[in-house]
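# Summary of structural features
Residues per chain are reported as follows:
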Amino acid sequence: MKINLKIWRQKNKDTKGSFKSYQLDHVSADMSFLEMLDVLNNDLIHKGEESVAFDHDCREGICGMCSLYINGRPHGPQQTTTCQLHMRTFKDGETIVIEPWRAKAFPVIRDLVVDRTAFDRIQQAGGYVSVNTGGVPDANEIPIAKKVADEAFDSAACIGCGACVAACKNASAMLFVSAKVSQLALLPQGKPERKERVEKMVAQMDEEGFGACTNTGACEAECPKGISLTNIARMNREYFGAITTSYEVKVGGGD
Amino acid sequence: MNWFTNLLTSTLGRKLLMALTGLFLILFLVVHLIGNLQLLKHDDGHAFNVYAQFMTSNPLIKIVSYVNYTIILVHILWAIMLTSHNRKARGSEGYAVSKNSSAWTSRNMGILGSIIFIFLVIHLKGFWYEMHWGGIQTVDYEGKTVKNLYLVVAAAYAQFWYAALYVVSMLILGFHLWHGFASSFQTLGLNHPKYNPIIRFVGRAFAIVVPVLFALIPIWMYLNQDIYNK
């Protein structure tokens, strides 16, 4: 099949980018979207031109590295990651517009690659469970209700790709942050640091310059992993509960 | 009090204020509507005038009204703050192609709210200002002298454009509530599979019933001018 491409090209963070058109005449319908871009890059290298930079890693839909705003939607027209999107989804002769994620907190580094380290910093602020060293605990030592485990697992399915931020008109990261908060808040292992976690993660999220949620639901609709808005409500509950009831333990016990 | 300022300045806290003030204003709409429905009585405005007098003179209502003005202001100011913050977060470069996967009302709360604000200014000038500081005729009920706000309302709704403005504004209010009602619950974290369907249903029913009843008053009074403007 023939495919026309309009791709955002930008040299680096500081230069202004623009769209450039390309044409591919022999695209197989069975190619993944990223394989199609590999073919394009091969052509460009042969012609001595600069190849198109884009993020990718596992190409199995679980690492969260691939991004791309394809024809007006993050990860393209299907509820999947870009690496799991196939060219059969598109029509022969179709023009596909490819843009990077757009958000102030996700600056474009080059072409279609954006800097998503803001997510890493949010995770580092509190998206973990502190485990003291010692023997390996038995896997089923703490009983967890199946439904709770399932709910936590659904939240944990978030791969941190940033499609929620890309889709949101406010560039809000709340679906991501709430999934990370929920995943640990639901489980007994996450309870000791529960209040501190949500306070720190929300503070970091604001620090990074993400927007506020207006409950449009665009993130939920575009999330390749089906993370639901329920997580955001849970994060709100966690946050309001934490900030109004948490207290800091003073080292040495104070007076 | 550091935690308190953190709460109010965080994105979540600002949304919390939007939700709480929004819910208060929803309650206010109910009270306002119940009062206004007395205009539909064909009693030459007796019930409505007595009610209007009570609402402007009772000390407790007075306190509530000042709370109400404050809440309207907070709702507007925080909306402006959030909108400008969200615009900045979106960044300078927009998408060339963008397909929407969300409801129209949810994306346009700011525009809907701005139109409601313009309506509010006209509405307050027309009735609230007149009632407080305008030269309104008075009427005597059982020896008590009461301002005849009913006459002002009847004269206003006798004008086609005035009545039409109110009907259109109520339509806009309906759209604002369509998203706002359920959205405030989500922001407060009140989201549970057991209650979500009820919240959604009540929210949508409210967004239809309340504006329709409000709009019914100018429509009814415009169509029945022979009764209202004797």
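Residues numbered from 1 in each chain as written. Chains lettered and ligands numbered in written order. Predicted model: local features only at pLDDT ≥ 70, side-chain atom pairs only at ≥ 80, totals over all residues.

By the naming in an unreviewed UniProt entry, chain B is Succinate dehydrogenase / fumarate reductase cytochrome b subunit, taken from Chryseolinea serpens.

Where an unreviewed UniProt entry is consulted, chain A appears under the name Succinate dehydrogenase / fumarate reductase iron-sulfur subunit, with the organism given as Chryseolinea serpens. Under the Sequence similarities (unreviewed entry) heading, UniProt states for chain A: "Belongs to the succinate dehydrogenase/fumarate reductase iron-sulfur protein family." (UniProt positions renumbered as here; feature names shortened; annotations may be inferred.)

### Thoughts on the overall build of chain B
Along its length, chain B carries 10 helices and 2 strands. Walking chain B from its N terminus toward its C terminus, one meets helices and strands in the order α-α-α-α-α-α-β-β-α-α-α-α. Considered along the principal axes of its C-alpha atoms, chain B spans approximately 60 × 45 × 40 Å. The burial tally for chain B puts 28% of its 230 residues in the buried class. Put simply, 76% of the contacts in chain B that link residues at least 6 apart link residues at least 24 apart. (Helix = DSSP H or I, 4+ residues; strand = E, 2+ residues; numbered from the N terminus. Buried ≥ 20, exposed ≤ 12 C-beta atoms within 10 Å, placed from the backbone. Contact = placed C-beta atoms within 7 Å.)

### So, the nonpolar core
Counting 78 residues, the largest nonpolar core has Cys 164, Val 165, Leu 175 and Val 177 of chain A as its most contacted members. Broken down by element, this core gets its largest block of residues, 8 residues, from helix α5 (residues 174–185) of chain A. With residues near it in sequence (within four places) discarded, Leu 175 of chain A still touches Cys 164, Cys 219, Glu 220, Cys 223, Ile 227, Asn 231 and Ile 232 of chain A. Ranked by size, the runner-up nonpolar core spans 27 residues in total, among them Phe 48, Ala 154, Phe 175 and Tyr 222 of chain B. (Core = buried A, V, L, I, M, F, W, Y, C linked by C-beta atoms within 7 Å.)

### Considering the domain arrangement of chain A
Residues and elements named next belong to chain A. Looking at the assigned domains, one finds that chain A contains domain 1 (3–110) and domain 2 (116–245). Of note, the centres of domain 1 and domain 2, computed from C-alpha atoms alone, are 29 Å apart. In this assembly, 17 residues from domain 1 lie in contact with 16 residues from domain 2. Residues of the side of domain 1 that touches domain 2, tallied by class, amount to 8 nonpolar, 6 polar and 3 charged. (Domains from an automatic or database assignment. Nonpolar A, V, L, I, M, F, W, Y, C, P; charged D, E, K, R; others polar.)

### Side note on the interface of chain A and chain B
Counting from both sides, the interface comprises 38 residues of chain A and, opposite them, 35 residues of chain B. Every element with two or more residues in the side of chain A that touches chain B is listed here: β5 (95–99), α6 (194–207), α7 (218–222) and α8 (230–245) of chain A. Residue composition of the side of chain A that touches chain B, grouped by class: 18 nonpolar, 11 polar and 9 charged.

### Remarks on the sheet that holds strand β1 (residues 3–9) of chain A
All names here are of chain A. Overall, mixed pairing links the 5 strands, which are arranged β2-β1-β5-β3-β4 in an open sheet. Looking along the sheet, the strands with just one partner apiece sit at the ends: β2 (18–24) and β4 (73–74). With 2 bridges joining them, strand β3 (residues 69–70) and β5 adopt antiparallel strand pairing. Residue pairing in the sheet places Tyr 69 in a bridge with Glu 99 of β5. (Pairing = 2+ DSSP bridges.)

### Looking at the packing of α5 of chain A against α8 of chain A
Residue and element names in this part refer to chain A. Direction vectors running N to C along α5 and α8 enclose 70°, while the axes themselves pass 8 Å from each other. Looking at the two axes, α5 sits roughly perpendicular to α8. Along this stretch, α5 crosses α8, giving a crossing that reads as left-handed. When α5 is examined against α8, the residues Met 174, Leu 175, Val 177, Ser 178, Ala 179, Val 181, Ser 182 and Ala 185 are found in contact with a partner set consisting of Asn 231, Ile 232, Arg 234, Met 235 and Glu 238. (Axes fitted to C-alpha atoms, helices over the stretch in contact; angles between N-to-C directions. Parallel < 35°, antiparallel > 145°, perpendicular 65-115°, else oblique. Left-handed = near helix turned anticlockwise from the far one by under 90°.)

### Re the packing of α6 of chain A against α8 of chain A
All names here are of chain A. The geometry of α6 relative to α8 is characterised by a closest axis approach of 9 Å and an angle of 105° between their N-to-C directions. On the basis of their axis angle, the class for α6 and α8 is roughly perpendicular. Side by side, α6 and α8 meet where Lys 195, Val 198, Glu 199 and Val 202 of the first sit next to Met 235, Glu 238, Tyr 239, Ala 242 and Ile 243 of the second. Here the residues of the contact of α6 with α8 are counted per class, giving 6 nonpolar, no polar and 3 charged.

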